[in-house]
Amino acid sequence: MDTSYAYFAEVARQGSIRQAAERLNISASSISRQIIKLEHDLGVPLLARHAQGVKLTAAGEIVAEFVHSRHRELARLRARVDELKRLERGHVSLYTVEGMLGGFLPRAIADFSRRHPALTYEVVIAGADDVMRAVADDRCDLGIAFQPKPRADVEIVGHMAQPVLAVVTPEHPLAREESLSIADLVAYPVGLPDPSFGIRHIVDLATERAAIELQLRLETNSIEMVRQFALFGMGVAFLPEFAFQREAAAGSLIGIRLIETELASATTQFCKHGEFDLTWAARSVLEALVEASDQMLVLR
C-alpha cells in the first residue's frame, strides 16, 4: 500500500501523529508531509488537529475504512499464496461469546495447535450481537455466537446444539429435578446476562410466552459473573453446557433441562462474512471446531 495511506492508517489507529511516529520509528514531520500529500491528492482534509492529538474528519473515516479493508484483502491474498505453496502458516482472527472459554474453545484450539504449530490466533470476547457485527464488518475471519439474531451479510457455516439449562449448586432445592419449566423458577432469584447476549434473547422470549416474570437478582455483561452467581448459591443461572463444563465435571454445578422449545433447541453458530471466502487457516480452524462440537455431542 502507498506510504501515505500506510502512515495515515497508523495515525488513525493511534489518534496522534507523534504516537504514530514513535510506533513507526520515523519523524513526525515525515508523517505530516505524507498526510498533507494524501489530503492534496484527495482534495479534502482528513484530520482535524486538537490539543490531545488528531481526530478523523468525515472523509478521514472513509479513508480509514478503505485502508482497513485493503489490509484484510492483503491478508487474504497472502494466506491464499501460502496455501498454494502448501505452507502451514497463517493467522486466524476469532470473535466469540465469553461462554466458549468455559472449556470448549481453548481445548479445540489447543488440540488443533498441536497439529499446526505455526498458526497464530487472535481471540476477542464479545456479546452475540457484537460478534455478528464484527463478522459483518470484516473485522475477523470467524465468529462464534450463541443463538444470534440473523443478518443477511453473515453466513452461518456450522452449528452446535446447546440447550439453555437452569444451573444450580447441588444444595439448591431444585438440584434433584430432571427437568423444569421456566414457570417453576418464579419463586427463585435468577442471574442473567444482559440483552446483548443470545442467552438473554431466548430467556426473555420464553418468559414472555409463558406470561411470567422472573426474580432478576443479577444482570451482567459477563458470563463468568453469571457462573459465579450460581457457584456461590445466589440463585438459578441460565447457561448452555459449554459455559460451565469444568464446574459440571467437578460436580460443583448442575444443569437441569428446561422444557420450553426455544430454550431446549438453542444452538451455538459458527459464522463468516457473507461475501468473502475463508483463508486456508480459517477454514481449517472452522473444520476443527465443527469436529470438536460433534465429538462433544457424542460424549454427552
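One can find the structure itself at the top, above this paragraph.
Residues numbered from 1 in each chain as written. Predicted model: local features only at pLDDT ≥ 70, side-chain atom pairs only at ≥ 80, totals over all residues. Heavy atoms only, no water.

J.: Teacher, can you tell me more about the sheet that holds strand β10 (residues 215-220) here?
T.: Strand pairing in a sheet takes place through backbone hydrogen bonds and is either antiparallel or parallel in direction. Judged by pairing direction, the sheet is mixed, and its six strands sit side by side in the order β8-β12-β7-β11-β9-β10 without closing on themselves. Two strands in the sheet have a free side with no partner beyond their single neighbour: β8 (179-180) and β10. In this sheet, β10 lies alongside strand β9 (residues 189-193) in parallel orientation, the contact comprising five bridges. Looking across to β10, one finds that Leu192 is bridged to Glu219. (Pairing = 2+ DSSP bridges. Helix = DSSP H or I, 4+ residues; strand = E, 2+ residues; numbered from the N terminus.)

J.: Sorry if this is basic, but what is going on with the state of the cysteines here?
T.: In protein structure, a disulfide is the covalent linkage between the sulfur atoms of two cysteines. A complete count under the given rule lists zero disulfides for this structure. Free of any disulfide, Cys140 has its nearest cysteine sulfur in Cys271, 7.3 Å distant. (Disulfide = S-S within 2.5 Å.)

J.: Just to check I follow, could you spell out the nonpolar core for this structure?
T.: Generally speaking, soluble globular proteins have nonpolar side chains that are buried together. Counting residues in hydrophobic clusters, the biggest one holds 71 residues, and the most contacted among them are Phe104, Leu185, Phe238 and Leu239. The greatest single-element share of this core, amounting to eight residues, is contributed by helix α11 (residues 280-299). When neighbours within four sequence positions are excluded, Leu185 is seen to be in contact with Ala166, Leu174, Leu180, Leu214, Val236, Phe238 and Leu258. Counting 16 residues, the second-largest nonpolar core is a separate cluster that includes Ala9, Leu46, Leu47 and Val54. (Core = buried A, V, L, I, M, F, W, Y, C linked by side-chain atoms within 4.5 Å. Buried < 20%, exposed > 50% of the residue type's maximum accessible area, 1.4 Å probe, protein only. Contact = heavy atoms within 4.5 Å.)

J.: Could you clarify how one ought to interpret a nonpolar patch on the surface in this entry?
T.: Together, Leu74, Leu77 and Val81 line one region of the surface with nonpolar side chains, adding up to about 230 Å² of accessible area. The topology assignment puts Leu74 in helix α4 (residues 58-84). The class for Leu74 is partly exposed, based on a relative accessible area of 31%. (Patch = residues over 30% accessible without salt bridge, like charges linked within 9 Å, V, L, I, M, F, W, Y side chains within 5 Å. Areas by Shrake-Rupley, 256 points an atom, 1.4 Å probe, with all protein chains shown as cover. Salt bridge = Lys/Arg side-chain N within 4 Å of Asp/Glu carboxyl O.)

J.: Sorry if this is basic, but what is going on with the pattern of salt bridges here?
T.: Taken as a whole and assessed by the stated rule, the structure comprises 13 salt bridges. As a salt-bridge pair, Arg200 and Glu219 come within 2.7 Å of each other at their nearest N and O atoms. In this pair, Arg200 is assigned in helix α7 (residues 198-210) and Glu219 in strand β10, connecting sequence segments 19 residues apart. Under the relative-accessibility criterion, Glu219 is labelled partly exposed at 44%.

J.: I'm lost on helix α6 (residues 128-136) in this one. Help?
T.: Side chains of residues three or four places apart in an α-helix project in the same direction, reflecting 3.6 residues per turn. Those residues of α6 not exposed but buried are Ala128, Val131, Met132, Ala134, Val135 and Ala136. Elements that come into contact with the buried residues of α6 comprise β3 (90-96), β5 (142-146), β6 (154-161), α7 and β13 (267-273). Phi for Asp138, located one or two positions after α6, is positive at around 60 degrees.

J.: Can you help me understand the pairing of β5 in this one?
T.: Two faces belong to every sheet, and in a regular strand the side chains alternate between them. Within β5, five of the five residues are buried, which leaves the element mostly enclosed by the surrounding structure. Alternating positions in β5 separate into two faces, Leu142, Ile144 and Phe146 on one and Gly143 and Ala145 on the other, with burial throughout.

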